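What follows is the residue order along each chain.
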Amino acid sequence: MDVFTALQTAVSGLKAQSFSLENISGNIANSQTVGFKRVDTNFVDLVAEQQTPTRQVAGSVAANSRQTTTVQGGLNATEIGTNMALNGEGFFVVQTKSGDANGQSSFSTSDSYTRRGDFALDKDGYLVNGAGSYLKGNSLDPVTGQATGEGPVKVMNSILPAHPTGTITYSANLPKTPATKNANASVPGSELLGTLASGANPAILSGTGSATVSAADAASFINGSIDGPSLTAYTASGGPVAIQTRWAKVQNADATAGTNDVWNLFYANQSTVTSTATAWTNAGTAFQFNSSGQLTAPATSTVAIPALTVDGVNLGNIQLNYGSGGLTGYTSSGGTVTTNTLTQDGYTSGTLNNLSVTADGKVMGKYSNGNTIALANIKVVQFNNSDGLKANSNGTYEQTLGSGTPLVGLNGTTIIGSNVEQSNTDIASEFSKMIVTQQAYSANTKVISTSQDMMSALINIIR
C-alpha cells in the first residue's frame, strides 16, 4: 500500500463513518416512533489484493446496515382497546388502501408486515394504525361465530340480534337427605315428596313425562321439595323469562331391593311463584344416584326439557347440560342443593359498547346486553430470518429471499391489548455511538492530511 492507496482507504473510512452517522441520525429521529426498529451498522474490511503474509496490509472499509427487528421494544399502556403490541417475535399483517369507489374501499393485493400496533377504527369500521396500514385477519359473524373471509379487519357497529335460550349448563350436588318442610328425622321417608294433597300421581312422581302438579297441590309440593336453580332465559325476540325450579326426592335407595335414590326436577309455570297459585311441571327425567352419590341414570350428560313454558311463553325444547359428573348425590349437612355451575346461552339484543384484544389475537366486542363476542381473528406471521426483511416507509417490511416465507401463527408470542410497542432505540447508546463515529471520522481526516503532507514532501524533492 502506498500513500495514494492510503488516501483512498481514508476516503472509504469517511464514507463508512458517514453511513454509520446516517443510521444513528435515523435511530434518534425515530426514538418516539411506535414499533420502530433501530438500524445498527456493521463494518467490514476490504482487501484490495492478495499478498504474502509478511506483506499483508490493512484494507479499506465498507459499512452495511444490520436490522434489529427481533429486538423487543418496551411496552407502553394506552387507553385504546384496539391498540395492541406483540410480546415476542412476529409481525402484524397489513395492507394499504388503494382507493375508494362507490362507497367501497379497495386495498393493495400484496401484504406488508409491521410491529406498529396503534390500531384504531376508521370511519368505515376498519382497523388502521397511525401510519395508515390496515390490519389483516379473519372477520367473524357475531351471531354464528363463523369467519366471513380474510382481509382487512372490519368491525360492524350493528345491533347484535337476540338469541333464544337453547341450552342450560348446570352442575350441582343434591343432598342425600333433603331438608324439606315435611322432613322428620324420626320418620323414615318423610323427606320424600310423597303423596300430594289431592292424592299420589304416579305420572308426576315417575319423572317419565311432563306431568304437572296443579296449583291446588302447590303447597303440598313445596313442603316436600327444596329450592333448585333460578335463572333468566330468553325468547327468540330477546324477551326475558324467569325460570324457577325445585328438586323433589321421590325414592330412597334400598340395597335389599337394589334400587337407587331418585330425584325429579320441576319448574314453575309462572315467573312469580306463590305456594297457592302456581303449578309445577316435571321436567320429564328421573335422576338416579347410587349409594356412593354418583349419577347412574340417565347415562347421557344432557337431557331435554320438552316445551318448557312459563307465563304462557313456550321456550321450546331446552337442553339441560350437566356434563360428566356434573350432578351428584352426596351427603350435605344443610340438606340443600349446592349449585356449582349455572349458565344459559340466550341473550337479548345489544349494541356494541367497546372493543378489546385477547392474548391469542381475537378482537372482542362487548355489547350492552353484557355479552362479549369474538368479532375477528388477527393475522400474525413470523419469519425464519426476520432481519432479512426489507424495510419500507411507515414502519412496514417486505418479504425477501433472505427472510424466507411467512409462517402464520403466534407460535409462542402473545398479544398485549391496550398497549403499543415503543421504538427499541436507546438514546444513551446512540449518543455513545455518535461520539465514537465522530472520533473515527476525524481520525480518517487526519490520515488524509498526513498523506497530503507526505505527497507534498515528495514533490518538493525535485524543486
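Up top is the structure these notes are about.
Procedures and definitions
Every residue gets a number counted from 1 within its own chain, in the order that chain's sequence is written. Where totals are concerned, whole chains, interfaces and linings use all residues; where local detail is concerned, this predicted model gives features only for residues with pLDDT of at least 70, and gives and counts side-chain atom pairs only at 80 or more. As a rule here, side-chain values cover all heavy atoms of the structure and leave hydrogens and water aside. Where helices and strands are cited, they refer to DSSP runs of H or I of at least four residues and of E of at least two residues respectively, numbered from the N terminus. When a residue's accessible area, from a 1.4 Å probe over protein chains only, is under 20% of the maximum for its type it is buried; when over 50% it is exposed; and in between it is partly exposed. The contact definition used throughout considers only heavy atoms, calling two residues in contact when any of these lie within 4.5 Å. Where accessible areas are quoted, they stem from the Shrake-Rupley method and a 1.4 Å probe; at the residue level, only the protein chains shown are allowed to cover. Throughout this description, a polar contact denotes any pair of N or O atoms lying within 3.5 Å of each other; where both atoms belong to protein, one of them has to be capable of donating a hydrogen while the other can accept it, and for residues adjacent in sequence the pair is counted only when both atoms sit in side chains. Within this analysis, patches are made of residues with over 30% relative accessible area and no salt bridge. Like charges are joined at 9 Å or less; nonpolar side chains (Val, Leu, Ile, Met, Phe, Trp, Tyr) at 5 Å or less. Salt bridges are defined as contacts in which a side-chain nitrogen from Lys or Arg sits within 4 Å of a carboxyl oxygen from Asp or Glu. Stacked, tilted and edge-to-face are the three classes assigned to paired rings of Phe, Tyr and Trp, where Trp is represented by its six-membered ring and a pair needs centres within 6.5 Å; plane angles under 30 degrees give stacked, over 60 edge-to-face, the rest tilted. How far a helix is expected to stretch is found by multiplying one less than its residue total by 1.5 Å. Only buried Ala, Val, Leu, Ile, Met, Phe, Trp, Tyr and Cys residues count toward a nonpolar core, and they belong to the same one when joined by side-chain atoms within 4.5 Å. By the convention used here, strands pair only if DSSP detects at least 2 bridges between them.

Q: Just to check I follow, could you spell out the overall build of the protein chain for this structure?
A: Each helix and strand counted, the protein chain has 4 helices and 33 strands in total. Judged by the C-alpha coordinates and their principal axes, the protein chain covers about 140 × 60 × 35 Å. Sorting the 463 residues of the protein chain into buried and exposed places 40% on the buried side. Considering only contacts within the protein chain whose residues lie at least 6 apart along the sequence, 62% involve residues at least 24 apart. Element-wise, carbon and sulfur atoms account for 51% of the exposed surface of the protein chain, whose accessible area totals about 22900 Å².

Q: Would you mind showing me how to read the environment of T358 here?
A: Counting through the fold element by element, T358 comes out in the loop between strand 25 (352-357) and strand 26 (362-367). The exposure class assigned to T358 is partly exposed, which follows from its relative accessible area of 24%. As a C-alpha pair, T358 and Q32 span 326 residues in sequence and 26 Å in three-dimensional space. If sequence neighbours within four positions are ignored, T358 has contacts with M364 and I415. Reaching out from T358, the side chain makes a polar contact with the side chain of D360 at a distance of 2.4 Å.

Q: Please clarify how a nonpolar patch on the surface should be interpreted in this entry.
A: A surface patch of nonpolar side chains, amounting to about 310 Å² of accessible area, comprises L21, I427, F431 and M434. A per-element tally of the nonpolar patch places helix 4 (residues 427-460) first, with 3 residues. Of note, M434 is situated in helix 4. Relative accessible area serves as the criterion here: at 30%, M434 is assigned to the partly exposed category.

Q: Quick question: what am I supposed to make of the packing of aromatic side chains here?
A: For any two aromatic rings, the description comes down to two numbers: the centre-to-centre distance and the angle of the planes. Across all of its chains, the model carries 12 aromatic pairs by this definition. With centroids separated by 5.2 Å and ring planes inclined at 65°, the aromatic side chains of F107 and Y126 adopt a geometry described as edge-to-face. Taken together, the residues span a long stretch of sequence, with F107 in strand 6 (residues 104-107) and Y126 in the loop between strand 8 (120-121) and strand 9 (127-128) at a distance of 19 residues. Residue classification places Y126 among the buried positions, given a relative accessible area of 10%. Joined through ring pairs, the aromatic side chains of F91, Y113, F383 and Y397 make up one cluster.

Q: What is the right way to look at the environment of S60 in this model?
A: Mapped onto the elements of the fold, S60 is located in strand 2 (residues 60-67). When the C-alpha positions of S60 and K15 are compared, they lie 11 Å apart, and in sequence the two are 45 residues distant. The residues contacting S60, other than those within four sequence positions of it, are T9, S12, V44, D45 and L46.

Q: Where do I start with helix 4 in this structure?
A: Given 3.6 residues per turn, any residue in an α-helix points the same way as the ones three and four places further on. Along its 34 residues, helix 4 runs 50 Å from first to last C-alpha, staying within 8% of the 50 Å computed at 1.5 Å per residue. Buried within helix 4 are the following residues: E430, T437, N444 and S451. Turning to helix 4, the residues buried within the fold contact helix 1 (3-29).

Q: What am I meant to see in the pattern of salt bridges here?
A: When the charged atoms of two side chains lie near each other, side chains of opposite charge can form a pair. By the definition in use, this model includes 17 salt bridges. As a salt-bridge pair, D40 and K433 come within 3.1 Å of each other at their nearest N and O atoms. Placement of D40 in strand 1 (residues 39-46) and of K433 in helix 4 is noted, with a sequence separation of 393 residues between them. For R116, the salt bridge identified is with D118, shortest N-O distance 3.0 Å. D118 shares its class with R116; the two are buried. One connected set of salt bridges, linked through shared partners, spans R38, D40, R66, E430 and K433.

Q: Explain the nonpolar core here, please?
A: The nonpolar side chains of soluble globular proteins are, as a tendency, buried together. Core analysis: the biggest nonpolar cluster contains 26 residues, and Y170, I243, W247, F287, L308, L320 and L327 have the highest contact counts within it. At the level of elements, strand 12 (167-173), strand 14 (226-234), strand 15 (240-251), strand 16 (261-268), strand 17 (280-289), strand 19 (302-305) and strand 22 (318-321) are the ones that each hand at least two residues to this core. Beyond its immediate chain neighbours, meaning those up to four positions away, I243 contacts P229, S230, L231, A233, Y267, L308, V310 and L315. In this structure, F119, L135, V153 and I373 belong to the second largest nonpolar core, which totals 23 residues.

Q: What am I meant to see in the environment of T396 here?
A: Tracing the chain through its elements places T396 in strand 30 (residues 396-398). Distance from T396 to G99, taken between C-alpha atoms, is 19 Å for residues 297 residues apart in sequence. Each residue touching T396, except ones within four places of it in the same chain, is listed here: V94, S112, Y113, T114, S133, K390 and A391. Only 3.0 Å separates the side chain of T396 from the backbone oxygen of S393, close enough to count as a polar contact.

Q: Explain unusual backbone geometry here, please?
A: Most peptide bonds are trans, and most residues other than glycine sit at a negative phi. With an omega of 0°, the peptide bond between A297 and P298 qualifies as cis. Within the secondary structure layout, P298 lies in the loop between strand 18 (295-297) and strand 19. Backbone geometry at N411 places phi at a positive 50°, although glycine is not the residue there. With respect to the secondary-structure elements, N411 resides in the loop between strand 31 (407-408) and strand 32 (414-417). Residue N411 is classed as exposed on the basis of its relative accessible area, which comes to 54%.

Q: Looking at this structure, how should I read the side chain of S423?
A: When you line up the elements, S423 lands in the loop between strand 33 (419-421) and helix 4. Polar contacts involving the side chain of S423 include one to the main-chain carbonyl oxygen of N30, which spans 3.2 Å. There is a polar contact of 3.1 Å between the side chain of S423 and the side chain of T425. Discounting residues that sit within four places of it in the chain, S423 has contacts with N30, S31, T33, G35, F36 and G73.

Q: Sorry, what's going on with the pairing of strand 19 here?
A: Looking along a regular strand, one sees side chains alternate from face to face of the sheet. Where burial is concerned, the two faces of strand 19 differ: the one with V303 and I305 is buried and the one with T302 and A304 is not. Pairing geometry for strand 19 and strand 22, over 4 bridges, is antiparallel. Pairing of V303 across the sheet is with L320, part of strand 22.

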